[in-house]
Amino acid sequence: MDFHITRFDTEPLEQPRFVQPVRIRYTQNGRERTWEAVKSFDSVAVLLYHEDEDAFLLVRQFRPPVYLNHPEYDCTYELCAGIVDKDLPLVRIAQEEIEEECGYRVPVESIEKVTSFFTAVGVSGARQHLFFACIDASMRTGEGGGIDAEEIDLVWIPKHEARRFVFDESKAKTPGLLFAFYWFFDNFAK
């Protein structure tokens, strides 16, 4: 899928759905301070490794905030991910995202929790919960690509190209994706 952006404008948010811009006033070590931040949802992200293909399955999509600050990047390469906006166990949310975005139904017991960490600490401080799962052809349920109006491409990165991909600055990537690759190589590529 190509991402052709023909119009790109900004405007102040009046009734946001997913993020809430705020000004924080606080006292630190006796000094009054302020900070601008965004209250947002935590998220889950999943590194998917297809054993038969010996490749990682990533998603590629247009991210307006990246384009706003770096219009030379029309898309980002990311782990399969989604916000934590339901009262379900994190692993179940991860399972749903895998099927919606990538078209694979992975049993919950086959999804491994790796760790949790904070992202965008200067802006939102949201927490991301990282998971890992192996997939194979028997788990395929559909084309993936997201739900509703999501426009998500699936991208295969062969394992032997992953280290080079990590350092390819021509492709916008998230820190969680980079960390996940290094976690994989530290745990499985010995």
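Calculation notes
- Residues numbered from 1 in each chain as written.
- Predicted model: local features only at pLDDT ≥ 70, side-chain atom pairs only at ≥ 80, totals over all residues.
- Heavy atoms only, no water.
- Helix = DSSP H or I, 4+ residues; strand = E, 2+ residues; numbered from the N terminus.
- Expected span 1.5 Å × (residues − 1).
- Buried < 20%, exposed > 50% of the residue type's maximum accessible area, 1.4 Å probe, protein only.
- Contact = heavy atoms within 4.5 Å.
- Salt bridge = Lys/Arg side-chain N within 4 Å of Asp/Glu carboxyl O.
- Core = buried A, V, L, I, M, F, W, Y, C linked by side-chain atoms within 4.5 Å.
- Lys, Arg positive; Asp, Glu negative; His and termini not counted.
- Patch = residues over 30% accessible without salt bridge, like charges linked within 9 Å, V, L, I, M, F, W, Y side chains within 5 Å.
- Areas by Shrake-Rupley, 256 points an atom, 1.4 Å probe, with all protein chains shown as cover.
- Pairing = 2+ DSSP bridges.

S.K.: Just to check I follow, could you spell out helix α4 (residues 175-188) for this structure?
M.R.: The periodicity of an α-helix, 3.6 residues per turn, causes residues three or four places apart in sequence to face the same way. For α4, with 14 residues, the first-to-last C-alpha span of 20 Å sits near the 20 Å given by 1.5 Å per residue. For α4, the set of buried residues is Gly 176, Leu 177, Ala 180, Phe 181, Trp 183, Phe 184 and Phe 185.

S.K.: Help me understand the environment of Tyr 182, please; the structure alone is not making it clear to me.
M.R.: You can see Tyr 182 is positioned in helix α4. Put simply, Tyr 182 and Leu 90 are 92 residues apart on the chain and 22 Å apart in space, counted from C-alpha to C-alpha. Not counting the four nearest positions on each side in its chain, Tyr 182 is found in contact with Val 166 and Phe 167.

S.K.: Looking at this structure, I do not really get the pattern of salt bridges. What am I missing?
M.R.: Between side chains of opposite charge, a pair can form when the charged atoms approach closely. Taken as a whole and judged by the stated rule, the model has eight salt bridges. Between Glu 78 and Arg 63 there is a salt bridge whose closest N-O contact spans 2.8 Å. Of this pair, Glu 78 sits in strand β5 (residues 76-78) while Arg 63 sits in the loop between β4 (55-61) and α1 (64-69), placing them 15 residues apart in sequence. With a closest N to O distance of 3.1 Å, Arg 105 and Glu 99 form a salt bridge. Its relative accessible area of 39% is what places Arg 105 among the partly exposed residues. By relative accessible area, Glu 99 is classed as partly exposed at 27%.

S.K.: So what exactly am I meant to see when it comes to the nonpolar core here?
M.R.: Leu 47, Phe 56, Leu 79, Phe 181 and Phe 184 are the most contacted members of the largest nonpolar core, which totals 24 residues. Elements that contribute at least two residues to this core include exactly β3 (43-50), β4, β7 (111-119), β8 (126-135), β9 (153-158), α3 (162-166) and α4. Looking at this core element by element, the count peaks at six residues for α4. Beyond its immediate sequence surroundings of up to four residues, Phe 181 is in contact with Leu 47, Phe 56, Leu 58, Ala 162, Phe 165 and Val 166. With 19 residues, the next largest nonpolar core counts Ala 94, Cys 102, Phe 131 and Ile 152 among its residues.

S.K.: What exactly am I supposed to notice about helix α2 (residues 90-102) here?
M.R.: Along its 13 residues, α2 runs 18 Å from first to last C-alpha, staying within 8% of the 18 Å computed at 1.5 Å per residue. The set of residues buried in α2 consists of Val 91, Ile 93, Ala 94, Gln 95, Glu 96, Glu 97, Ile 98, Glu 101 and Cys 102. Buried residues along α2 sit in contact with β3, β4, β6 (80-83), β7, β8 and β9.

S.K.: It is not clear to me how the side chain of Glu 97 should be interpreted in this structure. Could you clarify?
M.R.: With respect to the element layout, Glu 97 can be found in helix α2. Buried and without a salt bridge, Glu 97 has Lys 86 as its closest oppositely charged side chain, separated by 5.3 Å. When near neighbours in sequence (up to four residues on either side) are disregarded, Glu 97 contacts Val 44, Cys 80, Ala 81, Gly 82 and Cys 102.

S.K.: Just to check I follow, could you spell out a nonpolar patch on the surface for this structure?
M.R.: A cluster of nonpolar side chains, namely Leu 13, Phe 18, Val 19, Phe 41 and Ile 83, defines an oily patch on the protein surface of about 400 Å² accessible area. Considering the arrangement of structural elements, one finds Phe 18 in the segment before β1 (19-28). Assessed through its relative accessible area of 43%, Phe 18 is described here as partly exposed.

S.K.: Could you clarify how one ought to interpret the pairing of β3 in this entry?
M.R.: Note on strand geometry: in a regular strand, side chains alternate between the two faces of the sheet. Burial analysis of β3 places eight of its eight residues in the buried class, the great majority of the element. Neither face of β3 is open: one carries Ser 43, Ala 45, Leu 47 and Tyr 49, the other Val 44, Val 46, Leu 48 and His 50, and all of them are buried. Looking at chain direction, β3 and β6 are connected through four bridges and run antiparallel. The partner of Val 46 across the bridge, within β6, is Cys 80. Note that β3 and β8 share eight bridges and pair parallel. Looking at β8, one finds that Val 44 is bridged to His 129. Bridge analysis of β3 against β4 gives three bridges, and the strand direction is antiparallel. Each residue of the ladder has a partner; that of Leu 48, found in β4, is Leu 57. Between β3 and β4, which pair antiparallel in sequence order, lie four residues; one of them, Asp 54, sits at a positive phi of approximately 50 degrees.

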